[in-house]
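Overview (structure and organization)
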Amino acid sequence: MPTLLLRLRSPMMSWGDHSQFGHRDSRREPTKSAVIGLLCAALGRPRWEPVHDLAALKMGVRVNKEGVLQRDYHTVQDNMRDKNKANTTLSDRYYVADADYLVGLEGDAELLTQLDAALQAPHWHLYLGRKSFIPSHPIRVGVVDLPLRQALAQAPYEHRSRKKPPQQLRLVLEAPDGTDIRQDVPLDWQRRSFGRRTVKTDYCSLPEDVCTFPNLS
């Protein structure tokens, strides 16, 4: 099956999957709900339309650069959650700083071609977890005629550091025999209903096609 590749890079990103109002967590790699939400924005698909076709795509992530988990301290004034009075609510919000990901989606060729075209000319603005976290690199990479793991392992790699490139890159792959359970498969946006999937962590060697930028930090 072919694979659609997306490049997600930004100074700040957020990948929450079990956040509450006062505590907004973030995983260290993109969640499936965030990637599908991005694709819905590219397609111009509103919240009330079904997403089962996108949720059925098999997803994997190659971590080109591990980000740093950061925390922001927020106060929300005049919060009306209490109907009797307005309160000030304290909130911890986590995000990943300075990370770089390659996301792969494996599935039906016709659907992937449609998604690739939408990423080239998105209907709505694209952002990475929060509206203020905009991409610093074009998201669209393209569709390759390779299965998911092979597509991620063989895709070109950019090294932007004075340090030596890593010998291996971390992969997070959707797999039925995985032991890491993630509840990030969107079933109904309006009802905020999410299903589960299992993933496993693997590693791949650095691709042969490596671009280095030694003067950049």
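Summarised in this report is the structure supplied together with it. (Residues numbered from 1 in each chain as written. Predicted model: local features only at pLDDT ≥ 70, side-chain atom pairs only at ≥ 80, totals over all residues. Heavy atoms only, no water.)

Quick word on empty space enclosed by the protein
Throughout the structure, instances matching the rule amount to one cavity of 30 Å³ or more. Here the largest cavity is characterised by a volume of approximately 40 Å³. Surrounding the largest cavity, Glu29, Pro30, Met59, Gly60, Val61, Val172, Glu174, Arg182, Arg197 and Val199 form its lining. Elements that contribute at least two residues to the lining of the largest cavity include exactly β3 (58-65), β8 (168-174) and β10 (193-205). Residue contributions to the lining of the largest cavity peak at three residues, all from β3. When its residues are assigned to classes, the lining of the largest cavity shows five nonpolar, one polar and four charged. (1 Å grid on protein atoms, 1.4 Å probe; cavity = no way out; pocket = protein on both sides within 12 Å on 5 of 7 lines; lining within 4 Å. Points joined across faces, edges and corners; volume = space filled by probe spheres on them. Helix = DSSP H or I, 4+ residues; strand = E, 2+ residues; numbered from the N terminus. Nonpolar A, V, L, I, M, F, W, Y, C, P; charged D, E, K, R; others polar.)

Things to note about the packing of aromatic side chains
Enumeration according to the criterion identifies three aromatic pairs in this entry. Between tryptophan 15 and tyrosine 101, the ring centres sit 6.2 Å apart and the planes meet at 80 degrees, which makes this aromatic pair edge-to-face. Of this pair, tryptophan 15 sits in the loop between β1 (3-13) and β2 (23-24) while tyrosine 101 is found in strand β5 (residues 87-106), placing the two residues 86 residues apart along the sequence. Judged by its relative accessible area of 0%, tyrosine 101 is buried. (Phe/Tyr/Trp six-rings, centres within 6.5 Å; stacked < 30°, edge-to-face > 60°. Buried < 20%, exposed > 50% of the residue type's maximum accessible area, 1.4 Å probe, protein only.)

With respect to the packing of helix α1 (residues 32-43) against helix α3 (residues 109-120)
At a minimum axis separation of 8 Å, α1 and α3 run at an interaxial angle of 70 degrees. Classified by the angle their axes make, α1 and α3 are roughly perpendicular. Across from Leu38, Leu39, Ala42 and Leu43 in α1, the residues of α3 making contact are Gln114, Leu115, Ala118 and Leu119. Of the residues in the contact of α1 with α3, the class split is seven nonpolar, one polar and no charged. (Axes fitted to C-alpha atoms, helices over the stretch in contact; angles between N-to-C directions. Parallel < 35°, antiparallel > 145°, perpendicular 65-115°, else oblique. Contact = heavy atoms within 4.5 Å.)

Quick notes on the layout of surface pockets
The volume enclosed by the second largest pocket comes to roughly 400 Å³. In this structure, the second largest pocket is lined by 20 residues; those nearest its centre are Asn64, Lys65, Glu66, Tyr157 and His159. Elements that contribute at least two residues to the lining of the second largest pocket include exactly β3, β5, β7 (157-159) and β8. For the lining of the second largest pocket, the residue count by class is five nonpolar, five polar and 10 charged.

Some points on the side chain of arginine 182
Within the secondary structure, arginine 182 is located in strand β9 (residues 180-188). Those residues in contact with arginine 182 that lie beyond four places of it in its chain are Arg27, Glu29, Val172, Gly195, Arg196, Arg197 and Val199.

A word on the side chain of arginine 170
Considering the arrangement of structural elements, one finds arginine 170 in strand β8. Taking the relative accessible area as the measure of exposure, arginine 170 reaches 14% and is therefore buried. Engagement of the side chain of arginine 170 in a polar contact is seen with the side chain of glutamate 29, the distance being 3.1 Å. Sequence-distant contacts of arginine 170, that is, excluding residues within four places in its chain, are made with Arg28, Glu29, Val61, Arg62, Val63, Glu66, Thr201, Asp202 and Tyr203. (Polar contact = N/O pair within 3.5 Å; in protein donor to acceptor, adjacent residues only side chain to side chain.)

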